[in-house]
Amino acid sequence: AQSVTQLGSHVSVSEGALVLLRCNYSSSVPPYLFWYVQYPNQGLQLLLKYTSAATLVKGINGFEAEFKKSETSFHLTKPSAHMRDAAEYFCAVYTAGGNNRLAFGKGNQVVVIP
Amino acid sequence: DGGITQSPKYLFRKEGQNVTLSCEQNLNHDAMYWYRQDPGQGLRLIYYSQIVNDFQKGDIAEGYSVSREKKESFPLTVTSAQKNPTAFYLCASSIGSMNTEAFFGQGTRLTVV
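Residues numbered from 1 in each chain as written. Chains lettered and ligands numbered in written order. Predicted model: local features only at pLDDT ≥ 70, side-chain atom pairs only at ≥ 80, totals over all residues. Heavy atoms only, no water.

Quick word on the state of the cysteines
Put simply, the rule reads: In this description, a disulfide is simply a cysteine sulfur pair whose atoms lie within 2.5 Å. For the purposes of this entry, the term helix denotes a DSSP run of H or I that reaches at least four residues, the term strand denotes a run of E that reaches at least two, and both are numbered from the N terminus. Burial classes: relative accessible area under 20% of the type maximum marks a residue as buried, over 50% as exposed, and values in between as partly exposed (1.4 Å probe, protein chains only).
Counted by the stated rule, this structure contains two disulfides over all chains. One disulfide in the model links cysteine 23 of chain A with cysteine 91 of chain A; its S-S distance is 2.0 Å. Residues cysteine 23 of chain A and cysteine 91 of chain A share a disulfide whose torsion about the S-S bond is about -65°; that sign makes it left-handed. Residue cysteine 23 of chain A is found in the loop between β3 (19-21) and β4 (24-26), and its partner cysteine 91 of chain A is found in strand β10 (residues 87-95); the two are separated by 68 residues along the sequence. Looking at cysteine 91 of chain A, the relative accessible area reads 0%, which means it is buried. One disulfide in the model links cysteine 23 of chain B with cysteine 91 of chain B; its S-S distance is 1.9 Å. On the sign convention where negative is left-handed, the bridge of cysteine 23 of chain B and cysteine 91 of chain B, at about -75° about the S-S bond, is left-handed. You can see cysteine 23 of chain B sitting in strand β3 (residues 19-25) and its partner cysteine 91 of chain B sitting in strand β9 (residues 87-94), a full 68 residues away along the chain.

Laid out in structure tokens, this is it:
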């Protein structure tokens, strides 16, 4: 079964600094990979997704992620953090032919320090 | 506007009571899902439905029940058999399988008092 690992439940970053959130996946077949963002007491919103086209995926709000098959990783980055980036971020994986479900990581709570 | 509507936003339940959470979508999506979110645990799948009148258990279905009588609606009932129901519940839908984007509702926060 597919799974996702996100390390570090809380991530603090200074305003203007690089945001880096790590995601490693486990899947026996080529996966579909997603990053979602959740603001307090709200649902999840798609940031970006990897579907086997380009390995570098650009998303909304200046975020991007790079798929590295050799490292089974899909890390999320943003060059310069804004206060509005404070939220919880989830990595998720889907594999075709599996049990038709998204497997989510435990999330990273991002705190932006002014 | 197309989207997913969950109601109510906040819900309080006494121990031993059943309660039903509503989820409606007007996106014409075939597939709908219920997830439970607890702090530090990510999202865990309760039930999902790929087509009307059909649904499957997810990873934590015990103590929950669902129905899918209409394409637009996928209500979740939290029964008294659910030992720890206090959580944030999220409904989602997708066009077909979840290799496409999943759209989420705003969530219902259930508290047992």
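Some details on the packing of aromatic side chains
Applied cut-off: Pairing of aromatic rings covers Phe, Tyr and the six-membered ring of Trp, with a centre-to-centre limit of 6.5 Å; geometry is then stacked below 30 degrees between planes, edge-to-face above 60, and tilted otherwise.
Applying the stated criterion across every chain yields a total of 15 aromatic pairs over all chains. A ring pair is formed by tyrosine 50 of chain A and phenylalanine 67 of chain A, whose centres lie 4.1 Å apart and whose planes are at 15°; its orientation type is stacked. You can see tyrosine 50 of chain A sitting in strand β6 (residues 44-50) and its partner phenylalanine 67 of chain A sitting in strand β8 (residues 64-68), a full 17 residues away along the chain. The two residues tyrosine 50 of chain A and phenylalanine 67 of chain A agree in class, both being buried. Among the aromatic residues, those joined into a ring-pair cluster are Phe34, Tyr36, Phe90 and Phe104 of chain A together with Tyr35 and Phe104 of chain B.

Some details on the interface of chain B and chain A
To keep it simple, the criterion reads: Throughout, a contact is declared for two residues whenever any of their heavy atoms are within 4.5 Å. By buried area we mean how much accessible surface two parts lose on assembly, using a 1.4 Å probe and totalling the loss over both. When a carboxyl oxygen of Asp or Glu lies within 4 Å of a side-chain nitrogen of Lys or Arg, that pair is called a salt bridge. For this classification, Asp, Glu, Lys and Arg are treated as charged, while Ala, Val, Leu, Ile, Met, Phe, Trp, Tyr, Cys and Pro are nonpolar and the rest, including Gly, are polar.
Taken together, the contact pairs 27 residues of chain B with 21 residues of chain A. Contact between chain B and chain A buries roughly 1,900 Å² in total, counting both sides, with carbon and sulfur atoms accounting for 50%. Where chain B touches chain A, the interface holds zero salt bridges. Broken down by secondary-structure element, the contributors of at least two residues to the side of chain B that touches chain A are β4 (31-37), β5 (43-51) and β9 of chain B. Along the lines of polarity and charge, the residues of the side of chain B that touches chain A split into 11 nonpolar, 11 polar and five charged.

Quick look at the pattern of salt bridges
Oppositely charged side chains may form a pair once their charged atoms are brought near each other. Residue and element names in this part refer to chain B. Evaluation of the coordinates by the stated rule reveals five salt bridges over all chains. A salt bridge links aspartate 30 to lysine 71, with the nearest nitrogen and oxygen atoms 3.4 Å apart. Of this pair, aspartate 30 sits in the loop between β3 and β4 while lysine 71 sits in the loop between β7 (64-66) and β8 (76-78), and the two are 41 residues apart along the sequence. Residue lysine 71 is classed as partly exposed on the basis of its relative accessible area of 23%. Residue aspartate 38 is joined to arginine 36 by a salt bridge in which the shortest nitrogen-to-oxygen separation is 2.8 Å. Judged by relative accessible area, arginine 36 falls into the buried class, the value being 4%.

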